[in-house]
Amino acid sequence: MKYRPPAFLRTTAFRQTLLSAGLFAFSSFVILGFVYAASAGMMLRRADTVITEELNTVMEQFDAGGISSIHTYMLERIAGGAGDYLYVMVDRSGRDSGSSNLSWPRDVVPDSDGRVQFSYNRQAVTGVAVSDKGQSEARARILLLPGGYRLLIGLDVDEEINLLERMTTTILAASALALALGVAGGIFVSRRFARRLDDINVVARSVKAGDLKQRAPRNFTGDELDELAENFNGMLDRVEALMHRMRHAGDSIAHDLRTPLTRMRNRLDQALLDEGSLESREAALEQAVSDTDELLSVFNSILSLSRLESGESRASIVRMDPALIAVDLAELYEPVCEDENLEFSSEIQGGMQIYADRGLISQALSNLLENSVKYTPAGGKICLRLRQNSTGWIEYSVTDNGPGIPPDDRERALQRFVRLDSSRSLPGTGLGLSLVKAIVDVHNGQIDLADGSGIPEEGGPGLRASLCLPAAPDADND
Amino acid sequence: MRILIVEDDREAASYIRKGLRESGHVADHAGDGEEGLEMARAAEYDVLVVDRMMPRMDGLSMIEALRGDEDRTPVLILSALGEVDNRVEGLKAGGDDYLVKPYAFAELLARVEALARRRDPEAVRTKLVVGDLEMDLLARTVIREAEEILLQPREFRLLEFLMKHSGQVVTRTMLLEKVWDYHFDPQTNVIDVHISRLRSKIDRPFDRALLHTVRGAGYRLQA
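Criteria and cut-off values
Residues numbered from 1 in each chain as written. Chains lettered and ligands numbered in written order. Predicted model: local features only at pLDDT ≥ 70, side-chain atom pairs only at ≥ 80, totals over all residues. Helix = DSSP H or I, 4+ residues; strand = E, 2+ residues; numbered from the N terminus. Buried ≥ 20, exposed ≤ 12 C-beta atoms within 10 Å, placed from the backbone. Contact = placed C-beta atoms within 7 Å. pLDDT = per-residue confidence, 0-100. Pairing = 2+ DSSP bridges. Right-handed = clockwise from strand over helix to strand, strands pointing away. Axes fitted to C-alpha atoms, helices over the stretch in contact; angles between N-to-C directions. Core = buried A, V, L, I, M, F, W, Y, C linked by C-beta atoms within 7 Å.

**Student:** Can you lay out the overall build of chain A for me, pointing to particular residues and giving the numbers?
**Tutor:** Looking only at helices and strands, one finds 10 helices and 11 strands in chain A. Expressed as a percentage of the 478 residues in chain A, the buried residues total 27%. Taking all contacts inside chain A whose residues are at least 6 apart in sequence as the whole, residues at least 24 apart take part in 64%.

Below you can see the structure in the form of structure tokens.
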């Protein structure tokens, strides 16, 4: 199997922390390096100042009494314990003047100020044994004197050099430590991050395997992972609801289609077995065709409903005058009512604007009107109204004085395939009102069922079904 | 009429073919879009009946290719996809009418015959005549036996559609789509009611009926 690094090493968080740890280590290195450069410069400048001061003193002796005075001064200084000072004077041929505590250092090239830095044997100068090899660092200044004499005044800077070396080590160590801490922090943070993501992944996998009940754990801090978990759970809720609805719809479809299919089958069977006349067979066939039509219409309603409810079908919603829809429908149904001996009236307010799909709203209103026509007994009244109600919504309503729907049943009447007991004897699919509801939902509207214009003691309270849609804002504000 | 059926389902194709032949038409069959395109290019057809979903070349591609050749033969698209967007797609691709599966054969036949009629230049016609019934499209008047018949605007459009397709069967769904522009099926017999109103105005006062009911299919206006 191919090697895969542990999960936390593959996380974005780990890579991010690694990057910032590297940057952090690098910046500490630069800062410490700057401190080093500053301290080193300061220390060496101080040594150089001391050397220059001593050189001035020596030159004062020279001004007073020439080479011999320097000679005397230096001897005195050496005899009194020169400390960290180094004195060397050689003549033209390079022979020591005898007043030095050091031999002329080899291979030193002075800079333009005559300054040099070199190693020398400290033990030979002081006679005191030192722990290490005895090599020590010194800075010095070289001066050419009249008569070919060369003078070197130096100062031991071993301690400073050692300090600087220790500083270098410390800086490198500190930078390495910063890097190591950064990486460790990165691992820690990314493991935490990876673990929380892992929780979500575990849920996703079990959902994929079919367990829709699982939900990602949340810590309610509102951070981005918590938000992810929240959205993820919201998505699962929706998926679960859809699955549930689908299963329910499937059951209902099976139930609703099985009955007419069985009936049709029996009828055809009967026609096959019957020794009856050609006409009776023909009648059976015609009945079968009309049964098929009914089945198809149920089937189509189910499909439209599912499309609407799933949000899959994006209705073609445009800005329009709601009165256009109402006028057309009034004109379509007025003769139907007349035929059924129902009194039809319409009150349609003009000059309003809504965003709507003409076909869908027409279908919804047509369903409501057909319900009223179907349930209202002859001699009844049906009224189609369009107005802007007191809350500013555009309200279509169909009111009749038929039997109505008892308040307790109204919620249920809007669900799929629910046919109230009172309507079971009449033809219908039980999908009409749920289709209306789905259409209203697509338009962000509301559907409401209430008592209609009937008298309860007589034919019943009637039904007033209203669709409320939000009014479109004025065109100027668009 | 010569009709080409482009449909991959052999059984459905032979059902349509048989029906069309029995109605006195000549019908050929192509099993997929490519074959259909070849046959449509090779011969003159009055109407093409094209299934939307087929192997090799689907119906819409075939229609687009045909329209690309400046071939304006009317096309009726058959499809199991019945949503408004699908319908619009089909008409955009160059289809002239759209019929959702499953359908009654009467519906298909009525639409095919209506499409063939559409080829006749009718834009310039300002007067429709069926028997002794006359419609003036400019003056918006209807006259029968020298007597003016007053119609509501919708009744006028309904009659106009029937007259333009006189002698042909028009189905209730066709009327709902073309006269009212509704693409849903009302449960009740709204169309029948409107037809009966129209009938009471154009037929009842006169001796001979022009508007006939065709059982199991729809209506026919015929002298």
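**Student:** Provide a residue-level description of the overall build of chain B, including the pertinent values.
**Tutor:** Across its full length, chain B carries eight helices and 12 strands. Looking at the 223 residues of chain B, the share that counts as buried comes to 36%. Residue pairs in contact within chain B that sit at least 24 positions apart in sequence constitute 58% of those at least 6 positions apart.

**Student:** Could you give an account of the confidence of the model for chain A, naming the residues involved and the relevant values?
**Tutor:** Averaged over every residue, the pLDDT of chain A is 82; residues scoring 70 or more account for 91%. Of all the helices and strands in chain A, helix α1 (residues 7-10) of chain A carries the lowest mean pLDDT, 68, while strand β9 (residues 394-400) of chain A carries the highest, 94.

**Student:** Kindly report on the interface of chain B and chain A, identifying the contributing residues and their values.
**Tutor:** Residue-level contacts link 17 residues of chain B with 17 residues of chain A. Of all the secondary structure elements, the ones that give two or more residues to the side of chain B that touches chain A are α4 (84-92) and α8 (190-202) of chain B. When residues of the side of chain B that touches chain A are assigned to their parent elements, the largest contribution, four residues, is made by α8(B).

**Student:** I'd like a description of the pairing of strand β1 (residues 2-6) of chain B, backed by residues and values.
**Tutor:** Residue and element names in this part refer to chain B. Counting buried positions along β1 gives four out of five residues, so the element sits mostly inside the fold. Bridge count between β1 and strand β2 (residues 26-30): five bridges; the pairing is parallel. In the sheet register, isoleucine 5 faces β2, and the bridge partner there is histidine 29. A crossover connection joins β1 to the parallel β2 through helix α1 (residues 10-22); in handedness this β-α-β unit is right-handed. Inspection of the sheet shows β1 paired to strand β3 (residues 47-51) by four bridges, in the parallel sense. Paired with valine 6 across the two strands is valine 50, which belongs to β3.

**Student:** Explain the sheet that holds strand β7 (residues 133-136) of chain B residue by residue, including any values.
**Tutor:** All names here are of chain B. Ordered in space as β6-β7-β8-β9, the four strands form an open sheet in which the pairing is antiparallel. Edge strands, defined here as strands with exactly one partner in the open sheet, are β6 (127-130) and β9 (147-149). Strand-to-strand twist of the sheet, defined as the mean angle between neighbouring strand axes without regard to direction, takes the value 25°. Two elements, β7 and strand β8 (residues 141-144), share four bridges in a ladder whose sense is antiparallel.

**Student:** Before we move on, can you summarise the sheet that holds strand β11 (residues 211-214) of chain B with the specific residues and values?
**Tutor:** Residues and elements named next belong to chain B. Pairing is antiparallel across the open sheet formed by three strands, whose spatial order is β10-β12-β11. Single-partner strands in this sheet number two, and they are β10 (169-171) and β11. Neighbour to neighbour, the strand axes of the sheet diverge by 35° on average, direction disregarded. Sheet topology note: the β11/strand β12 (residues 218-221) ladder contains four bridges and is antiparallel. The residue of β12 that forms the bridge with valine 214 is glycine 218.

**Student:** Provide a residue-level description of the environment of Ser397(A), including the pertinent values.
**Tutor:** Residues and elements named next belong to chain A. Its location among the elements puts serine 397 in strand β9. The buried category is assigned to serine 397, around which 21 C-beta atoms lie within 10 Å. Taking C-alpha positions, serine 397 is 6.5 Å from leucine 386, a pair spaced 11 residues apart along the chain. Non-local contacts of serine 397, meaning those with residues more than four positions away in its chain, are made with Arg385, Arg464, Ala465 and Ser466.

**Student:** Tell me about the nonpolar core, and please be specific about residues and values.
**Tutor:** Of all hydrophobic cores here, the largest spans 100 residues; its most connected members are Ile439(A) and Val49(B). The element best represented in this core is helix α7 (residues 322-339) of chain A, accounting for eight residues. The contact partners of Val49(B), leaving out residues within four places of it in the chain, are Ile3(B), Ile5(B), Val6(B), Ile16(B), Leu76(B), Leu78(B) and Val112(B). Grouped together as the second largest cluster of nonpolar side chains are 22 residues, Met74(A), Met89(A), Ala138(A) and Ile142(A) included.

**Student:** So what's going on with the confidence of the model for chain B? Which residues, and what values?
**Tutor:** Averaged over chain B, the pLDDT score is 88; the fraction of residues at 70 or greater is 96%. Model confidence for the complex: the whole-complex pTM is 0.61, and ipTM, which rates the interface, is 0.79.

**Student:** If you had to explain the pairing of strand β8 (residues 381-388) of chain A to someone new, which residues and values would you point to?
**Tutor:** Residues and elements named next belong to chain A. Alignment of strand β6 (residues 343-348) against β8, held across six bridges, turns out to be parallel. By the bridge assignment for β8, phenylalanine 344 is matched with isoleucine 382. Taken together, the seven bridges between β8 and β9 define a ladder with antiparallel strand orientation. Its bridge partner being in β9, isoleucine 382 is matched across the sheet by aspartate 400. Adjacent in sequence and paired antiparallel, β8 and β9 are bridged by five residues, among which glycine 392 carries a positive phi angle near 90°.

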